[in-house]
Amino acid sequence: MNSERLIKEAEEARQNAYAPYSGFSVGAAVLAEDGSCYRGCNVENASYGLTVCAERNALFQAIAAGARTITALAVVADTAEPVVPCGACLQVMAEFNPTMTVIMAGSGGVRSERNLQELLPLAFKKT
Ligand code: THU
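This write-up is about the structure you can find in this document. (Residues numbered from 1 in each chain as written. Predicted model: local features only at pLDDT ≥ 70, side-chain atom pairs only at ≥ 80, totals over all residues. Heavy atoms only, no water.)

1. Overview of the pairing of strand β2 (residues 37-41)
- Summarising the sheet, strand β1 (residues 26-32) and β2 pair through five bridges and their orientation is antiparallel. Within β2, the position partnered with Gly27 by the bridge is Cys41.
- Between β1 and β2, which follow one another and run antiparallel, lie four residues, and Gly35 among them has a positive phi close to 95°. (Pairing = 2+ DSSP bridges. Helix = DSSP H or I, 4+ residues; strand = E, 2+ residues; numbered from the N terminus.)

Pasting the structure below:
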């Protein structure tokens, strides 16, 4: 699956975002090693700190379905600049592949693609 397809999946996931508190809808999609794709959106809560980001929800869908190695993650939001995953999500992503491709998109076709290694070069790990 190419970057554009993965972004499309993330855009579709974004339509299910539950973001009544921030009004900021995010969608994500991850690609597993076997070519399967899993989606996630942000899910907020009245107790704000319980909110889970789109990226982690997509990753956890993949893991719960039995995937272990994630080759790429796409994240989309309605922003002028491509949206960058938060630090907590970067750490969770690194757990399943510290060198995955991260595809970031904003509105109006702006895109950016990086290796996770560039976004989180010193991920925590128990050596
Ligand atoms: N959010 C994500 O889903 N992913 C990110 O990378 C950053 C932030 C969500 C959390 C919250 O629901 C809303 O965006 C505003 O922070």
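Let's pick the thread back up.
2. Focus on the packing of aromatic side chains
- Here the structure, examined in full by the defined rule, presents one aromatic pair.
- Between the aromatic rings of Tyr21 and Tyr48, the centroid separation amounts to 5.5 Å while the plane-to-plane angle is 45°, which identifies the pairing as tilted. Taken as a pair, Tyr21 in the loop between α1 (3-14) and β1 and Tyr48 in the loop between β2 and α2 (54-64) lie far apart in primary sequence, 27 residues in all. (Phe/Tyr/Trp six-rings, centres within 6.5 Å; stacked < 30°, edge-to-face > 60°.)

3. Side note on the site of the ligand
- Taken together, Ser22, Phe24, Val26, Asn42, Glu44, Thr51, Cys53, Ala54, Glu55, Val84, Pro85 and Cys86 make up the full set of residues near the ligand.
- A distance of 3.4 Å separates an oxygen atom of the ligand from a polar backbone atom of Cys86.
- For the ligand, whose unbound accessible area comes to 370 Å², protein coverage reaches 78%.
- By residue class, the composition of the shell around the ligand is seven nonpolar, three polar and two charged. (Near = heavy atom within 4 Å. Polar contact = N/O pair within 3.5 Å; in protein donor to acceptor, adjacent residues only side chain to side chain. Areas by Shrake-Rupley, 256 points an atom, 1.4 Å probe, with all protein chains shown as cover. Nonpolar A, V, L, I, M, F, W, Y, C, P; charged D, E, K, R; others polar.)

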